[in-house]
Amino acid sequence: MVLDKAFDKADNEFTALAMNIFANFGFQMIVATPLKSVMTLEPFIGGACFVHISERRYSSILMIEYDSDHQRLKLPEHTHGETPVAAS
Amino acid sequence: MKPATPSSGSPFDADQFRMRRLQVFNWGTFSDLHDIPMAERGFLFVGPSGTGKTTLLDAISALLVPPRWVDFNAAAREASRAGRDRNLVSYVRGAWAEQKDDESGEIAMQYLRTGTAWSALALTYGNSQGRVVVLVQLFWLRGSSNGNTDVKRHYLIFERPFDLREIKDFDLDVRKLKKSFPEAFAREDFQPYRERFCRLLGIESEPQRAWPRPCDINWGAPIMARRSTRPWCWTRPSTKPTTNSPRWP
């Protein structure tokens, strides 16, 4: 299942509930989201990438390491769940 | 708040195909080749708005959804009626918006690729039995043509690992392309391509109502969804979406 602007207007509790349901259905979840929902979503995925644009016209992606043991993205501590500094 | 943890390793069928990798070449603001390995457990695209997340999801739409059904940037359009500016031409040409005048907020569309241009997408599926299916599409525009009907399209399916770098010399000559890849399933039309990938991936193909409608749930619109054999869609939540359960048609 592919979700864009995922859970923009949902709270964390609802987001987690919905993701649990989808996971139990056996869906592979492909989700695009701004940074605010990352902490809620990261237990339900196995990898992620950061999408970046420069000069409003050159997009690029940056793979984010995933810690399967803790089901967390390996983001620098100070950026976790908040707006990151430029990731390039 | 501590989020609920997913039930441990929700088992999925050994023969269920999952996305493993997305490659885009000259697609929207993604110039040249971008290679995204996708975790079979699930994958997250994060980043501020306007960076290209929807562009990547629309690549998946273009690969899977019949051209007459495809609804680029569906999620934004549901919310605001914006996003109608996205189409195959804007993706092949690499449209981006330049803020011309800060006071008026006037926006001028610019293109990264003028003249004859081509784009390519590849989506790799795999199952845990080691089977691989790669869906590939090529798009091109000749000269300065800019109409949606001017976009030429070619559909390929590989049953082996395939890397878009293998077609980096594509010169819009489809016959030559077919010769280079005799093992590939190659077609000019979406329909036979779809029938083929539906069969390979174990998706039931129902021409009459083959694809679920874009979702109306206000917490994000699944642009397509498939599992095992039943097509499905979500009913519009009448009260709270949490109380809603999927309706199996």
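All of these numbers come straight from a predicted model, not from anything done at the bench.

Draft legend 1. How the structure looks around the overall build of chain A. Counting its secondary structure elements, chain A contains two helices and six strands. In chain A, the succession of α and β elements from N to C terminus is β-α-β-α-β-β-β-β. Relative to its 88 residues, chain A shows a buried fraction of 41%. Within chain A, residue pairs in contact and separated by at least 24 positions form 49% of the contacts whose partners lie at least 6 positions apart.

Draft legend 2. Here's a closer look at the environment of D4 of chain A. Residues and elements named next belong to chain A. Mapped onto the elements of the fold, D4 is located in strand β1 (residues 2-4). On the basis of neighbour count, D4 is assigned to the buried category, with 26 C-beta atoms found within 10 Å. C-alpha separation for the pair D4 and R56, spaced 52 residues apart in sequence, amounts to 20 Å.

Draft legend 3. Structural context of helix α5 (residues 190-201) of chain B. Residues and elements named next belong to chain B. For α5, with twelve residues, the first-to-last C-alpha span of 16 Å sits near the 16 Å given by 1.5 Å per residue. Listed as buried for α5 are Y193, R194 and F197. With its buried residues spanning 100° around the axis, α5 presents them on a single face. Looking at the residues trailing α5, positive phi occurs at G202, about 75°.

Draft legend 4. Spatial organisation of the interface of chain A and chain B. Between chain A and chain B, the contact holds 51 residues from the first and 52 residues from the second. Mapped onto the side of chain A that touches chain B, the elements with two or more residues apiece are β1, α1 (12-25), β2 (29-33), α2 (38-41), β3 (47-54) and β4 (58-64) of chain A. Tallied by class, residues from the side of chain A that touches chain B come to 32 nonpolar, twelve polar and seven charged. Taken together, the four bridges between β3 of chain A and strand β3 (residues 42-46) of chain B define a ladder with parallel strand orientation. Each bridged residue has a counterpart across the sheet, and for C49 of chain A the counterpart in β3 of chain B is F45 of chain B.

Draft legend 5. Region of interest: the sheet that holds strand β1 (residues 18-27) of chain B. Residues and elements named next belong to chain B. Read across the sheet, six strands follow the order β2-β1-β6-β7-β8-β9 without closing on themselves; strand pairing throughout is antiparallel. Each end of this open sheet is capped by a strand with a single partner; those strands are β2 (30-37) and β9 (185-187). In this sheet, neighbouring strand axes are inclined to one another by 10° on average, regardless of whether the strands run parallel or antiparallel. Of the strands in this sheet, β6 (117-126), β7 (132-141), β8 (152-158) and β9 touch α5, which is tilted by about 20° from β8.

Draft legend 6. Local environment of the nonpolar core. Within the largest apolar cluster, 71 residues are counted, with the highest numbers of intra-cluster contacts made by M29 of chain A together with L22, L121, L123 and V136 of chain B. In terms of residue count, β7 of chain B provides more of this core than any other element does, eight residues in total. When sequence neighbours within four positions are dropped, the list of residues in contact with V136 of chain B reads A120, L121, A122, L156, F158 and F162 of chain B.

Draft legend 7. The arrangement of unusual backbone geometry in detail. Backbone geometry at R56 of chain A places phi at a positive 60°, although glycine is not the residue there. The topology assignment puts R56 of chain A in the loop between β3 and β4. Positive phi values are uncommon outside glycine, yet D32 of chain B reaches one of about 65°. Mapped onto the elements, D32 of chain B comes out in strand β2. Take D32 of chain B: there are 11 C-beta atoms within 10 Å of it, and that puts it in the exposed class.

The rules we used
- For every chain, the first residue of the written sequence is number 1, and numbering continues from 1 along that sequence.
- Lettering of chains starts at A and numbering of ligands starts at 1, both following the order in which they are written.
- Only residues with pLDDT of at least 70 get local features here, since the model is predicted, and only at 80 or more are side-chain atom pairs given and counted; chain-wide, interface and lining totals rely on the full set of residues.
- Helix and strand assignments follow DSSP, with helices taken as H or I runs no shorter than four residues and strands as E runs no shorter than two, numbered in order from the N terminus.
- Exposure criterion: with C-beta atoms placed from backbone coordinates, a residue whose C-beta has 20 or more other C-beta atoms within 10 Å is buried, one with 12 or fewer is exposed, and one in between is partly exposed.
- Once C-beta atoms are placed from the backbone, any two residues with those atoms within 7 Å are in contact.
- Each helix should span, by expectation, one fewer than its residue count multiplied by 1.5 Å.
- It is the directions from the helix axis to the C-beta atoms that the arc portrays.
- Only Asp, Glu, Lys and Arg are considered charged, only Ala, Val, Leu, Ile, Met, Phe, Trp, Tyr, Cys and Pro nonpolar, and every remaining residue, Gly among them, polar.
- Paired strands, as defined in this entry, are two strands with at least two bridges between them according to DSSP.
- Structural elements are reduced to axes, namely lines fitted to C-alpha atoms, with helices fitted over the stretch in contact, and the angle between N-to-C directions of any two is expressed from 0 to 180 degrees.
- Only buried Ala, Val, Leu, Ile, Met, Phe, Trp, Tyr and Cys residues enter a nonpolar core, and they are joined through C-beta atoms within 7 Å.

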